[in-house]
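# Close look at the chain arrangement
Spelled out, the chains give:
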Amino acid sequence: MKVAIVAESFLPRVNGVTNSVCRILDHLAARGHEALVVAPAPGPDSYAGFPVKLVPGVALPVYKSFVVGVPGRQVENALRAFRPDVVHLASPVVLGAAGATAARRLGIPSVAVFQTDLAGFFRRYGFRGTDAMLWSWLRRVHARADRTLVPSSPTFRELEEQGFPRLELWGRGVDQTAFHPRHRSAELRARLAPAGEKLIGYVGRIAPEKQVELLTRLVGVPGSRLVVVGDGPAERRLRGLLPEAVFLGFRTGGELSEIVASLDVFVHTGANETFCQAVQEALASGVPVVAPAAGGPLDLVRPGVNGLLFPPSDGTSLRAAVTTLVTDDAMRARLAAGALPSVRPRTWEAVCDQLLAHYSEVIYGSAARHRAA
């Protein structure tokens, strides 16, 4: 199979879109398929042995680390030259919209992956009244695809209400070698909590759309210490609000695996997650999770089994849930024991094989018949 991936974001930018695209490319290489990536510059010229076609990119004024690909004839020219069997649109907005149009013009089936709550993102950055316009644009982009893959059931219901056609569920995998309880480190815990405190951890972008200001409600939870991993535009302000917290910056690889597994409670604050990979990685690491009862975490966190949920944006309830887990050793141990089993079936190999089945369906199955009609 020849797969062209038009990615709204790619390396060196590290985020949920980039991570899933890299995993897909690794899987395609392992299965002997061919692939091409079209992504915004700057970036690598290849990945996993596949060529990467870079198009001009422009950084968003409100979010300098997010680069938007400038659509143009380069996208269609790249697809025409590669002649793929299917086009994969990774979180299409601008560059992906050009990819969807080009695929339709060339008669190539396409699969669009909905991955970013754009309306929620803009709302958190103060752009009020833009929801209807953004949903209208995204609906038009996804309507050009033969199938839209949705990462969680709450997001699926939201897209149904917004009138998106041809929806199917497709989740995300988790690397259960990189994220596993065996990476828990007594040495690291001794450095981060020299008085034996319980470690409460947040891992992710330190940015307004993640509602990181809610972490301030965890100041003074008895017998605990807050650990923040990541970077972003709100980092300086959050450091000022949390002078006693440990800020470890951006971490990847073995360092990140060790940090996550060494936590006692994992906290996620943002209520606009379409999936939330960080929650899944914490669960795979054997760490109970406290997360908002909204979006992707609703599919991952089972209250009383592997974590607790709190009403979105409710700092008082967040603090109460975290305090319960920090102070109740028996409950915390029980939820920790339920964490890894709850995500064990969600391997990247299984999830990417499901994606290949979606590709085959749009090429050969009922989606192909719908396109012909």
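To start, this report covers the structure provided alongside it. Since this is a predicted model, take the numbers as computed values, not measurements. (Residues numbered from 1 in each chain as written. Predicted model: local features only at pLDDT ≥ 70, side-chain atom pairs only at ≥ 80, totals over all residues. Heavy atoms only, no water.)

## Thoughts on the overall build of the protein chain
- Check the secondary structure of the protein chain and you find 15 helices and 16 strands.
- On C-alpha atoms alone, the protein chain measures out to a radius of gyration of 21 Å, which is about the 21 Å that the 2.2 N^0.38 rule sets for 373 residues.
- Every one of the 373 residues in the protein chain was classed for burial, and the buried ones make up 54%.
- For the protein chain, restricting intrachain contacts to residue pairs at least 6 apart in sequence, the fraction spanning at least 24 positions comes to 65%.
- A total accessible area of about 15100 Å² is found for the protein chain, and carbon and sulfur atoms account for 54% of it.
- When the 42 basic and 33 acidic side-chain charges of the protein chain are each reduced to a single mean position, those positions are 4 Å apart. (Helix = DSSP H or I, 4+ residues; strand = E, 2+ residues; numbered from the N terminus. Rg over C-alpha atoms; globule rule 2.2 N^0.38 Å. Buried < 20%, exposed > 50% of the residue type's maximum accessible area, 1.4 Å probe, protein only. Contact = heavy atoms within 4.5 Å. Areas by Shrake-Rupley, 256 points an atom, 1.4 Å probe, with all protein chains shown as cover. Lys, Arg positive; Asp, Glu negative; His and termini not counted. Charge placed at Lys NZ, Arg CZ, Asp CG, Glu CD.)

## Observations concerning the layout of surface pockets
- When its volume is computed, the second largest pocket comes out at roughly 200 Å³.
- Along its surface, the second largest pocket is lined by 13 residues, and V219, G220, L226, E244 and A245 are the ones closest to its centre.
- Here the lining of the second largest pocket gets three residues from one element, more than from any other, and that element is strand 12 (residues 224-229).
- Looking at the lining of the second largest pocket residue by residue, the class counts come to nine nonpolar, two polar and two charged. (1 Å grid on protein atoms, 1.4 Å probe; cavity = no way out; pocket = protein on both sides within 12 Å on 5 of 7 lines; lining within 4 Å. Points joined across faces, edges and corners; volume = space filled by probe spheres on them. Nonpolar A, V, L, I, M, F, W, Y, C, P; charged D, E, K, R; others polar.)

## Topic: the packing of helix 1 (residues 16-30) against helix 14 (residues 348-364)
- Relative to each other, helix 1 and helix 14 sit at 80°, their axes nearing to 10 Å. Between helix 1 and helix 14, the angle falls in the class roughly perpendicular. Between helix 1 and helix 14, the contacting residues are N19, S20, R23, I24, H27 and L28 on the first element and W348, E349, C352, D353, L355, L356 and Y359 on the second.
- Of the residues belonging to the contact of helix 1 with helix 14, the class tally is seven nonpolar, three polar and three charged. (Axes fitted to C-alpha atoms, helices over the stretch in contact; angles between N-to-C directions. Parallel < 35°, antiparallel > 145°, perpendicular 65-115°, else oblique.)

## Some remarks on the packing of helix 12 (residues 315-327) against helix 13 (residues 329-343)
- Where helix 12 meets helix 13, the closest approach of the two axes is 5 Å, and the angle between their N-to-C directions is 95°. By the angle class used here, helix 12 and helix 13 are roughly perpendicular. Counted together, T324, L325, V326 and T327 of helix 12 and D329, M331, R332 and L335 of helix 13 form the full contact between these two elements.

## Regarding the sheet that holds strand 11 (residues 198-203)
- An order of 13-12-11-14-15-16 is seen for the six strands of this open sheet, with the pairing classed as parallel. Because the sheet does not close on itself, it has two edges, and the strands there are strand 13 (246-249) and strand 16 (307-310). Within the sheet, the average angular offset between the axes of one strand and its neighbour, ignoring direction, is 20°. (Pairing = 2+ DSSP bridges.)

## Looking at helix 13
- With 15 residues, helix 13 should cover 21 Å at 1.5 Å per step; its first-to-last C-alpha distance of 23 Å lies within 8% of that length.
- For helix 13, the complete set of buried residues consists of R332, L335, G338, A339, L340, S342 and V343.
- Considering only its buried residues, helix 13 is in contact with strand 11, strand 14 (265-267), helix 10 (277-284), strand 16 and helix 12.
- At the N-terminal end of helix 13, a side-chain oxygen is found 3.3 Å from the backbone nitrogen of A330, two or three residues along, and the residue is D328. (Expected span 1.5 Å × (residues − 1). Polar contact = N/O pair within 3.5 Å; in protein donor to acceptor, adjacent residues only side chain to side chain.)

## Structural notes on the side chain of H88
- Tracing the chain through its elements places H88 in strand 7 (residues 86-90).
- Of note is the side chain of H88, whose polar atom sits 2.7 Å from the side chain of Y359.
- Discounting chain neighbours no more than four positions away, the residues touching H88 are V3, A4, I5, V6, I24, V111, V113, L355 and Y359.

## Quick notes on empty space enclosed by the protein
- Scanning all chains against the criterion turns up one cavity of 30 Å³ or more.
- For the largest cavity, the calculated volume is near 50 Å³.
- Among the residues forming the lining of the largest cavity, the class breakdown is six nonpolar, four polar and no charged.

## Things to note about the sheet that holds strand 4 (residues 50-55)
- The sheet built from eight strands is open, its strands ordered 3-4-2-1-7-8-9-10 with mixed pairing. What marks the edges here is a single partner per strand, and that holds for strand 3 (46-47) and strand 10 (167-169).
- Judged from the five bridges that link them, strand 1 (residues 2-7) and strand 2 (residues 34-40) form a sheet pairing that is parallel. Among the inter-strand pairings, K2 is bridged to a residue of strand 2, identified as E34.
- Sitting on the sheet, helix 2 (residues 73-82) is in contact with strand 1, strand 2, strand 4 and strand 7, with an inclination near 170° to strand 2.

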